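Coordinates in review
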Amino acid sequence: MDFKHDILPLKNIIFRTALRIVMNREEAEDIVQDTLIKLWEKRNELEKVENLEAFALTMARNLALDRKEKMDNQHVSFDDEEHDRPDEGQGGTDSHLMHLETSGFITDIINALPEKQRTIIQLRDIEGKSYKEIASVLSISESDVKVTLFRARNELREKILQKKSLFL
Amino acid sequence: MDYKYIEQLLESYFACTTTLQEEQILRSFFSQEDVPGHLAQYADLFNYETGAQAEKLSEDFDERMMARIEATKPSVTKAHIVKLTTHHMAPFFKAAAVVAMALTIGRAAEHAIGEQEAEENSNVVAVDPYIKSSDVRQTIRVKDVSQAETKATNDSIISIATKDEIQ
């Protein structure tokens, strides 16, 4: 088990998943560091792990949920702080930018969803993971994943259609 | 152009019956510039999904991460420190061994000379025993010490070599 070769490459997917939960870049980066350190400390047991990425994401999500709880208990509101808007300012081609003008709107809808729905949208629609892997990350059944994803996608559709009707 | 296929995929998407591949087709479709009006409302959603894949940690993350990993590694350097110490101490060990051997053999020689003196004192009357014995004593000492030095040096080299092997 080599750190740079086997563990470090997981950093960005862990970062995005953690960011979706805590909605704060600094906190999310701390979670990435803590997760990678934990994985490295457990490196001798990792040979037995079937899906290292799912294992790492489960670990990261648990750390993120703990941090989020602490943050909420401290009454620190991150609502006014930077919302993650990866589409603004970085990534994407010029053709994307045309469509992305209003996508702060999508960010806001997703971030307003309950954590489980947010995480599942992240893993399915952004990371492109199978239902099986998502179920493994969240330690729930595949049908639970589908039901939760269904709610999240339909909330998004509803908000999109509401917005459209406002402009008509 | 007929958009039935895309419309069907959209319905399946919201019913959560699309495959990962079909979801990728939707994202590719909406990344085009000329999405027809009745579908354009969904462009933001799928382009958001595409854009969010590019979210990354800052460039200097690896540096900070590796610093933390280095800090958690068990210190392998301990063994090196011991080795270095042995090498530094080697001349001292050698010198100490030479001195110890010289002292031991010197003392043994003195003891032997003492016996010899007694013999000579009893047998030879005409020759001054003190002059002779002190001459002999010196000769033996010089000879034995130079032998002792050679032996001690060899011994200490062997013992240092053995120590290195053990490490």
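Residues numbered from 1 in each chain as written. Chains lettered and ligands numbered in written order. Predicted model: local features only at pLDDT ≥ 70, side-chain atom pairs only at ≥ 80, totals over all residues.

**Quick notes on helix α9 (residues 142–167) of chain A**
Taking 1.5 Å as the rise per residue, α9(A) with 26 residues should run 38 Å; its terminal C-alpha atoms sit 38 Å apart, in good agreement. Looking at the buried side of α9(A), the elements it contacts are α6 (104–111), α7 (115–126) and α8 (131–138) of chain A together with α1 (4–14) and α4 (43–52) of chain B. (Helix = DSSP H or I, 4+ residues; strand = E, 2+ residues; numbered from the N terminus. Expected span 1.5 Å × (residues − 1). Contact = placed C-beta atoms within 7 Å.)

**Considering the packing of helix α2 (residues 11–22) of chain A against helix α3 (residues 25–41) of chain A**
Residues and elements named next belong to chain A. Across the interface, α2 lies against α3 with an axial gap of 8 Å and an inter-helix angle of 135 degrees. As summarised for this structure, α2 and α3 are arranged oblique, according to the angle between their axes. Relative to α3, α2 is oriented so that their crossing is right-handed. Only Arg-25, Glu-27, Ala-28, Glu-29, Ile-31, Val-32, Thr-35 and Leu-36 of α3 make contact with α2, whose side of the interface consists of Lys-11, Ile-14, Phe-15, Ala-18, Leu-19 and Val-22. Residue composition of the contact of α2 with α3, grouped by class: 9 nonpolar, 1 polar and 4 charged. (Axes fitted to C-alpha atoms, helices over the stretch in contact; angles between N-to-C directions. Parallel < 35°, antiparallel > 145°, perpendicular 65-115°, else oblique. Left-handed = near helix turned anticlockwise from the far one by under 90°. Nonpolar A, V, L, I, M, F, W, Y, C, P; charged D, E, K, R; others polar.)

**Looking at the confidence of the model for chain A**
When pLDDT is averaged along chain A, the result is 87; 82% of the residues meet or exceed 70. Considering only residues more than four positions removed or in separate chains, one finds that residues 80–103 of chain A, a stretch of pLDDT under 50, has 46 contacts. (pLDDT = per-residue confidence, 0-100.)

**Examining α4(B)**
Within α4(B), 10 of the 10 residues are buried, which leaves the element mostly enclosed by the surrounding structure. Turning to α4(B), its buried residues number three or more, namely B:Ala43, B:Asp44, B:Leu45, B:Phe46, B:Asn47, B:Tyr48, B:Glu49, B:Thr50, B:Gly51 and B:Ala52. (Buried ≥ 20, exposed ≤ 12 C-beta atoms within 10 Å, placed from the backbone.)

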